[in-house]
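Residue strings, one per chain:
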Amino acid sequence: MHIDPADHVRKAIRSVPNWPKPGITFRDITPVLQDPRSFRVLIDLFVYRYMRQRLDLVAGVDARGFILGSVLAYELNLGFVPVRKKGKLPFDTVAEEYSLEYGNATVEMHTDSVRPGQRVLLIDDLIATGGTMVAASKLLQRLGANVVEAAAIIDLPYLGGSTALKETGLDIYTVCSFEGD
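Just so we're clear, the structure is a prediction, and the values are computed from it rather than from any experiment.

Calculation criteria
Residues numbered from 1 in each chain as written. Predicted model: local features only at pLDDT ≥ 70, side-chain atom pairs only at ≥ 80, totals over all residues. Heavy atoms only, no water. Helix = DSSP H or I, 4+ residues; strand = E, 2+ residues; numbered from the N terminus. Rg over C-alpha atoms; globule rule 2.2 N^0.38 Å. Buried < 20%, exposed > 50% of the residue type's maximum accessible area, 1.4 Å probe, protein only. Contact = heavy atoms within 4.5 Å. Areas by Shrake-Rupley, 256 points an atom, 1.4 Å probe, with all protein chains shown as cover. Lys, Arg positive; Asp, Glu negative; His and termini not counted. Charge placed at Lys NZ, Arg CZ, Asp CG, Glu CD. Phe/Tyr/Trp six-rings, centres within 6.5 Å; stacked < 30°, edge-to-face > 60°. Pairing = 2+ DSSP bridges. Axes fitted to C-alpha atoms, helices over the stretch in contact; angles between N-to-C directions. Expected span 1.5 Å × (residues − 1). Parallel < 35°, antiparallel > 145°, perpendicular 65-115°, else oblique. Left-handed = near helix turned anticlockwise from the far one by under 90°. Nonpolar A, V, L, I, M, F, W, Y, C, P; charged D, E, K, R; others polar. Salt bridge = Lys/Arg side-chain N within 4 Å of Asp/Glu carboxyl O.

1. Quick word on the overall build of the protein chain
Then step 1. Counting its secondary structure elements, the protein chain contains six helices and nine strands.
Then step 2. Taken against the 2.2 N^0.38 rule, which gives 16 Å for 181 residues, the C-alpha radius of gyration of the protein chain at 16 Å falls within 12% of a compact globule.
Then step 3. For the C-alpha atoms alone, the extent of the protein chain along its principal axes is close to 45 × 40 × 30 Å.
Then step 4. The buried share of the protein chain, reckoned over its 181 residues, is 46%.
Then step 5. Long-range contacts, defined as pairs at least 24 residues apart, comprise 58% of the intrachain contacts of the protein chain with a sequence gap of at least 6.
Then step 6. Of the roughly 9,600 Å² that the protein chain leaves accessible, carbon and sulfur atoms contribute 49%.
Then step 7. For the protein chain, the centre of its 20 positive side-chain charges and the centre of its 22 negative side-chain charges are spaced 2 Å apart.

As structure tokens, this is what we get:
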């Protein structure tokens, strides 16, 4: 029996209406992570895409990007570096502020997370407005990394994040997308 791996993953994602507030449909990846077959299919999609890309590191965005990124780094025999919310890292950090719908947020990395010239895959669970991924990419580039691609499970193209990432010159890959409700 043949299955479309991306479609299999998409069907495992739970849509939660009116969360975290009315009018928003939250795309919940926890059912993908809970089901061994779905989780393996997801990770295999990423592994097959990146296994010959001569990557040096995987950088995962706080917090669900840690789950995907660490498993993918393990499978690809690479190191993993976290991109954290401000104030969560114990050593010297470099920070990048970005805009949210109402206010600003900041992500940080240790100053010794990457070495100049290293080829890095940036990963998170979802691309919405793109602010966090753009900020993470800027951090990596400031530290001298070559960000090969930004990857995620889900793209929400109606929120403009994938377009914003592409406008920075960054290539993106997502397993599936959901249009607005």
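2. Looking at the packing of aromatic side chains
Then step 1. Across all of its chains, the model carries three aromatic pairs by this definition.
Then step 2. A ring pair is formed by Phe46 and Tyr173, whose centres lie 5.9 Å apart and whose planes are at 85 degrees; its orientation type is edge-to-face. Placement of Phe46 in helix H3 (residues 36-50) and of Tyr173 in strand S9 (residues 172-177) is noted, with a sequence separation of 127 residues between them. Residue Phe46 shares its accessibility class with Tyr173, and that shared class is buried.

3. Topic: the environment of Arg40
Then step 1. On the secondary structure map, Arg40 appears in helix H3.
Then step 2. Under the relative-accessibility criterion, Arg40 is labelled exposed at 56%.
Then step 3. Taking C-alpha positions, Arg40 is 28 Å from Lys85, a pair spaced 45 residues apart along the chain.

4. Focus on the sheet that holds strand S5 (residues 93-100)
Then step 1. Taken in spatial order, the seven strands of this open sheet run S5-S6-S4-S3-S7-S8-S9, and their pairing is mixed. In this open sheet, the two edge strands, each paired with only one partner strand, are S5 and S9. Sheet twist, expressed as the mean angle between neighbouring strand axes with direction ignored, is 20 degrees.
Then step 2. Relative to strand S4 (residues 79-85), strand S3 (residues 57-61) is paired through five bridges, and the arrangement is parallel. Of the residues in S4, the one forming a bridge with Gly60 is Pro82.

5. Observations regarding helix H4 (residues 64-75)
Then step 1. With twelve residues, H4 extends 17 Å between its outermost C-alpha atoms, agreeing within 8% with the 16 Å of an ideal straight helix rising 1.5 Å per residue.
Then step 2. Residues of H4 that are buried: Gly65, Phe66, Leu68, Gly69, Leu72 and Ala73.
Then step 3. Phi for Asn77, located one or two positions after H4, is positive at around 60 degrees.

6. Re the packing of helix H1 (residues 5-12) against H3
Then step 1. For the pair H1 and H3, interaxial distance at closest approach is 9 Å and the crossing angle is 130 degrees. Viewed along their axes, H1 and H3 adopt a mutual orientation that is oblique. With respect to the hand of their crossing, H1 and H3 are arranged in left-handed fashion. Each of Pro5, Ala6, His8, Val9 and Ala12 in H1 lies in contact with H3, whose residues at this interface are Arg37, Ser38, Val41, Leu42 and Leu45.
Then step 2. For the contact of H1 with H3, the residue count by class is seven nonpolar, two polar and one charged.

7. Concerning the side chain of Glu149
Then step 1. Among the structural elements, Glu149 can be located in strand S8 (residues 146-155).
Then step 2. Every residue in contact with Glu149, bar those within four places of it in the chain, is listed here: Arg49, Tyr50, Val120, Leu121, Leu122, Asp171, Ile172 and Tyr173.

8. A few points about the pattern of salt bridges
Then step 1. Per the counting criterion, the structure on display carries six salt bridges.
Then step 2. Two residues, Asp62 and Arg84, come together in a salt bridge whose shortest N-O distance is 3.0 Å. On the criterion of sequence distance, the pair formed by Asp62 in the loop between S3 and H4 and Arg84 in strand S4 is long-range, its members being 22 residues apart.
Then step 3. A relative accessible area of 15% means that Asp62 is categorised as buried.
Then step 4. For Arg84, a relative accessible area of 21% gives the class partly exposed.
Then step 5. Arg64 is the salt-bridge partner of Asp125, the closest N and O atoms lying 2.5 Å from each other. Linking Asp125 in strand S7 (residues 119-127) with Arg64 in helix H4, this pair joins segments that are 61 residues apart in sequence.
Then step 6. With a relative accessible area of 37%, Arg64 lands in the partly exposed category.

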